[in-house]
Amino acid sequence: GKATGDFERMPSEIKGKIFSVVLPALDYDSEYEYHAFVSNGHNSIKSKTKVFKTDEEPYLHIPSTEESFPASASSFAVEVEGNTEFEVVLPSECDWVDYGRNDRKCTFYIDENKYNAPRSCKVIFRGMTTDCRVTLMLKQEGRRELTVVSSEDVELAYDAVEFSVITETVDMYTSKAH
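Residues numbered from 1 in each chain as written. Predicted model: local features only at pLDDT ≥ 70, side-chain atom pairs only at ≥ 80, totals over all residues. Heavy atoms only, no water.

### Some details on the pairing of strand β11 (residues 86-89)
Burial along β11 is one-sided: Phe86 and Val88 are buried, while Glu87 and Val89, pointing the other way, are not. Note that β11 and strand β14 (residues 119-127) share four bridges and pair antiparallel. Bridge assignment links phenylalanine 86 to a residue of β14, and that residue is glycine 127. (Buried < 20%, exposed > 50% of the residue type's maximum accessible area, 1.4 Å probe, protein only. Helix = DSSP H or I, 4+ residues; strand = E, 2+ residues; numbered from the N terminus. Pairing = 2+ DSSP bridges.)

Here it is, written out as structure tokens:
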């Protein structure tokens, strides 16, 4: 493509022998022809036409944007693909998630969920020098809802059947039927 326009009013500066111009927004992964035209009001110089190639568009990619976990403690690794450096942003309310990183591989460590309510955490992989980002939603089940029962509520079909009595403190006891 060609970038055309009135560059005379573009911000520019000269440092030593390097002349720089701030260009309008250009497309990623494209080639633009250019030449320099410098004038001091009396004399002017025009350079040969050259080609300027812009960088590839920065991107980040993860294989899945959502992962689910049981209430028990677990871990999960993800490889972050892309062509730009990134940082991991873990919200402070996600204190039940920790992570380790080895280059582009991030391993998440999920604490046991000791509560009945499920919980989720939105992890952001954010480009360091670009505005690209991807989000990974981590979802963890709550502990199973447990119902308080007594031995009178349990009908036994025959003797010596094992059954569990679950107390309000969610501790489990096993007893033999009489």
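Read on, since the account is not over.
### A closer look at the pattern of salt bridges
Taken as a whole, this structure holds three salt bridges when the rule is applied. Among the ionic pairs, aspartate 29 bridges to lysine 53, the shortest N-O distance being 3.0 Å. Here aspartate 29 is found in the loop between β2 (18-21) and β3 (31-34), whereas its partner lysine 53 is found in strand β6 (residues 50-53), with 24 residues between them in sequence. The partly exposed category is assigned to lysine 53, whose relative accessible area is 47%. (Salt bridge = Lys/Arg side-chain N within 4 Å of Asp/Glu carboxyl O.)

### Some words on a negative patch on the surface
A grouping of Glu93, Asp95, Asp98, Asp111 and Glu112 is seen on the molecular surface, where their side chains present a negatively charged patch. In this structure, aspartate 98 sits in strand β12 (residues 97-102). (Patch = residues over 30% accessible without salt bridge, like charges linked within 9 Å, V, L, I, M, F, W, Y side chains within 5 Å. Areas by Shrake-Rupley, 256 points an atom, 1.4 Å probe, with all protein chains shown as cover. Lys, Arg positive; Asp, Glu negative; His and termini not counted. Charge placed at Lys NZ, Arg CZ, Asp CG, Glu CD.)

### Some details on the sheet that holds strand β9 (residues 74-79)
Each strand in a sheet pairs with another by means of backbone hydrogen bonds, the pair being arranged parallel or else antiparallel. Pairing is antiparallel across the open sheet formed by three strands, whose spatial order is β9-β13-β12. What marks the edges here is a single partner per strand, and that holds for β9 and β12. Put simply, the sheet's adjacent strands are angled 20° from each other on average, direction ignored. Alignment of β12 against strand β13 (residues 105-110), held across six bridges, turns out to be antiparallel. (Axes fitted to C-alpha atoms, helices over the stretch in contact; angles between N-to-C directions.)

### Here we look at the side chain of glutamine 140
Inspection of the secondary structure puts glutamine 140 in strand β15 (residues 133-140). With a relative accessible area of 1%, glutamine 140 lands in the buried category. A polar contact of 3.2 Å, which involves the side chain of glutamine 140, links it to the backbone oxygen of proline 70. In this structure the side chain of glutamine 140 is engaged in a polar contact, spanning 2.9 Å, whose partner is the backbone oxygen of aspartate 111. Setting aside residues up to four positions removed in sequence, glutamine 140 forms contacts with Phe69, Pro70, Ala71, Ser72, Trp96, Ile110, Asp111, Glu112, Asn113, Pro118 and Arg119. (Polar contact = N/O pair within 3.5 Å; in protein donor to acceptor, adjacent residues only side chain to side chain. Contact = heavy atoms within 4.5 Å.)

### A look at the confidence of the model for the protein
When the pLDDT values of the protein are averaged, the result is 80; 70% of them are 70 or greater. With pLDDT under 50 throughout, residues 167-178 is counted as low confidence; its partners more than four residues away or in other chains account for 23 contacts. (pLDDT = per-residue confidence, 0-100.)

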